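Observations on the model geometry
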Amino acid sequence: MLKLAPWATKTLVTLYDVLLGAACMYGVMRLRFLYEGKLAPEHIDIRTTLIFAVSCLLVWVVMRANRAVWRFMSLDDARILLVAVIWSSILTLIVLFLFFNRAEHLPRSVPFIAGSFFFSMLILSRALVMVYLNGDVQALFRWGQRHKPPAILIGRSHILHSYMRDEAMKNRDNSYYIRGLIETEGGNKGRSIRGVPVIGSLSDIPGVVANIERLHGTKPILVLVEKYTDRKRAARLVRLSSALGARLERISSNKDDGLSPFEAADLIGRHAKTLDMKPVERLLKDKTVMITGAGGTIGSELVSQIARYETKQMILIDSSEVNLYNIDRALTLDGNVDFSSYLGDIRDRAHMEEIFKDEKPDIILHAAALKHVPLMEANPIATVLTNVGGTKVIIDLALEYGAESFTLISTDKAVNPSNIMGASKRIAEMMTLASTMNEANISSCAVRFGNVLASNGSVVPLFEKQIENGGPVTVTDKKVTRYFMTKEEAASLVLQAAALNGGQRKEVSAIYVLDMGEPVNITHLAKQLIRLRGLIPEKDIKIKYTGLRSGEKMEELLISNDEKLESTYVKGIDRFTDSIKDAKVLAKKIDTLLIAAQGRDRKSVKKALVVLIPEFAPNGNL
């Protein structure tokens, strides 16, 4: 579609309106004299039409009645048009009265009839465009709220329109008054959307903020009305708001919650996937679902999402009393979910078997694990016993008690592992792949993804705490990068992967890899978090580089060189199928590792790890 420059669009709108006004005036004049059965004396019809056309042109330019974007028109725009038509009619009468013999021969009813007809045609033409392009003609009622703090809305034109329309329909008493719009795309500068002027693009924000502060004595709130924006744009907005000292907010992911401050999730530039949850619904319907690590970041989010479906029962297992209490309390308050909570350690086979025997779970989501890399390097025995031994307990019992599905929550650190946490998770993946062999009637898979924002041990809560305390913010290396995603997206993709895996042959295991987008530079993330608090990096808050810790990499990978991904029908989830050549040999190697760990024989643990993962070079306390 041909896109015109703003000045060209406004010129065409003005010409259209002027010609429409002239046609309306001429038509009414002709009909008036035709009704009387005589010709217009002294060409009063043509004279009046020309004067009315010129009057419309002048009034349209002075009142800027040509600035409204038709498909986004509001009652404010209609009011401006009405006033413009009235002034055009009055100006026409004045000119005829003063310069053309006191408007002799002009029927006094014509200006009122022509003006009314002209205004009706103006509204009708715009309404037709709104119906064609928007599918509705609902307008925005913007009552006087000029005493409230000024705000600038930022977004694409159609989203700005939708946001203002929705706010009007809710009749929400906003805490701010919209002074203008900033378009991130498009060329409507100088026009208006629902009666609010488009005052520029992102590059115009500094000047706009300065002008509004000068006029109103306070800086405007900058409000991003798009749920998701790309990383570069988010970074630019944060940098601008920090430099200008203007508050930056955004609409909440839940529309009913109004506005919320920018958060770390906004800085990673990820667009949450829109998923078809029907396969998940089929997977979980009338099933007993067990979630290990149910009180952790991913576990609790899995519980929250599963609670929306018609499961038979949920079995929650966690070794942390506090975490288990929190998720238990949340489900109790919900009141619509049948569940049981067990305080237990997945390494305790006797206790886990007791739970399996009593509950007989159909679906198992295994999120329980030790995850903090430096701590696990310092405690390798505990890591092996939990991440390998605990996973083996759950898989063995899943097979013994006839579970239908087992899903392991894995990590990008399992790829070419350089630390004990990654190595233990890689072994857990191998056990998962082996679990479908020997004619086992279970659907097993592992799901790999990177860091989860705001999870326990994540850098984001650490940075926020350090900023709150005045710094410094500690970053391991200026060039270090990591993958990030929100817990909500991670949990929903885990459920999708489990449902996907249930649709393939039982003897085929798969590792699912979630689309993590582009890796995020940690230094850049730290600087942006500092700016979000209205502070300046290196001036208000120092950044201290501490060097990579034991077992850490500069960057993480989601797949190794010999793993070939294939797409699935769910966008955002790829997978590769794999098998273990000899499950019995693998089982013996794992038994050797666990016996060494239980005997706290670090030398033998190190040796067993190298046998299982030849590319892994144990360090830390091994």
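Up top is the structure.
All of the points below concern the structure found in this document.

So, how was this worked out
Residues numbered from 1 in each chain as written. Predicted model: local features only at pLDDT ≥ 70, side-chain atom pairs only at ≥ 80, totals over all residues. Heavy atoms only, no water. Phe/Tyr/Trp six-rings, centres within 6.5 Å; stacked < 30°, edge-to-face > 60°. Helix = DSSP H or I, 4+ residues; strand = E, 2+ residues; numbered from the N terminus. Buried < 20%, exposed > 50% of the residue type's maximum accessible area, 1.4 Å probe, protein only. Salt bridge = Lys/Arg side-chain N within 4 Å of Asp/Glu carboxyl O. Expected span 1.5 Å × (residues − 1). Core = buried A, V, L, I, M, F, W, Y, C linked by side-chain atoms within 4.5 Å. Contact = heavy atoms within 4.5 Å. Arc of directions from axis to C-beta. Pairing = 2+ DSSP bridges. Patch = residues over 30% accessible without salt bridge, like charges linked within 9 Å, V, L, I, M, F, W, Y side chains within 5 Å. Areas by Shrake-Rupley, 256 points an atom, 1.4 Å probe, with all protein chains shown as cover.

1. A word on the packing of aromatic side chains
- With the rule as written, the count across this model stands at three aromatic pairs.
- Summarising the aromatic geometry, the rings of Phe-52 and Phe-118 are spaced 5.8 Å apart at their centres and angled 75° between planes, so their arrangement reads as edge-to-face. With Phe-52 in helix H2 (residues 44–63) and Phe-118 in helix H4 (residues 110–134), this pair connects stretches of sequence that are 66 residues apart. Residue Phe-52 shares its accessibility class with Phe-118, and that shared class is buried.

2. Side note on the pattern of salt bridges
- Under the counting rule described, the total for this entry stands at 14 salt bridges.
- We note a salt bridge from Asp-396 to Lys-392, for which the minimum N-O separation is 2.8 Å. Residue Asp-396 and its partner Lys-392 are both found in helix H14 (residues 380–400); the two are separated by four residues, about one turn of the helix.
- With a relative accessible area of 21%, Lys-392 lands in the partly exposed category.
- For Glu-429, the salt bridge identified is with Arg-448, shortest N-O distance 2.8 Å. A residue pair is termed long-range when its members are at least 10 positions apart, and Glu-429 in helix H15 (residues 420–434) and Arg-448 in strand S13 (residues 443–448) qualify at 19 residues.
- Of the residues examined, Arg-448 reaches a relative accessible area of 0% and is grouped as buried.
- Look at the salt bridges and you will find they share partners, linking Arg-349, Lys-392, Asp-396, Glu-400 and Asp-591 into a network.

3. Comments concerning H2
- A rise of 1.5 Å per residue sets the reference length of H2, with its 20 residues, at 28 Å; its end C-alpha atoms lie 27 Å apart and thus fit the reference within 8%.
- Those residues of H2 that sit buried are Ile-44, Asp-45, Thr-48, Thr-49, Ile-51, Phe-52, Ala-53, Ser-55, Cys-56, Val-59 and Trp-60.
- Positioned one or two residues after H2, Arg-64 has a phi angle of 55°, which is positive.

4. A look at the nonpolar core
- Ranked by size, the top nonpolar core spans 97 residues in total, and within it Ile-291, Ile-306, Met-314, Leu-316, Phe-449, Leu-593 and Val-605 carry the most contacts.
- Once you skip the residues sitting within four places of it in the chain, Val-605 turns out to touch Ile-381, Val-384, Leu-593, Ala-596, Ala-597 and Leu-622.
- Counting residues in hydrophobic clusters, the runner-up holds 37 residues, among them Ile-154, Leu-237, Leu-240 and Ile-522.

5. Some words on helix H20 (residues 602–612)
- Inspection of H20 places Val-605, Ala-608, Leu-609 and Leu-612 among the buried residues, and these make up the whole buried set. One side of H20 holds all its buried residues, which, seen down the axis, span an arc of 100°. Counted as exposed and oriented over 90 degrees from the buried face of H20: Lys-603 and Lys-607.
- Where H20 is buried, its residues meet H14, H15 and helix H19 (583–598).

6. Remarks on the environment of Thr-383
- Mapped onto the elements, Thr-383 comes out in helix H14.
- Sequence spacing of Thr-383 and Lys-371 is 12 residues, and the spatial spacing of their C-alpha atoms is 8.5 Å.

7. What about the sheet that holds strand S22 (residues 573–578)?
- The strand order across the open sheet built from nine strands is S10-S9-S8-S11-S12-S13-S18-S22-S21, with neighbouring strands paired in mixed fashion. Single-partner strands in this sheet number two, and they are strand S10 (339–343) and strand S21 (566–567).
- Here five bridges tie strand S12 (residues 405–409) to S13, and the two strands are oriented parallel to one another. Pairing of Leu-408 across the sheet is with Ala-446, part of S13.

8. Regarding a nonpolar patch on the surface
- Together, Leu-82, Val-83, Ile-86, Trp-87, Ile-90, Ile-94, Phe-97, Leu-98 and Phe-99 line one region of the surface with nonpolar side chains, adding up to about 860 Å² of accessible area.
- A residue is classified by how much of its surface remains accessible, and Ile-94, at 40% relative accessible area, is partly exposed.

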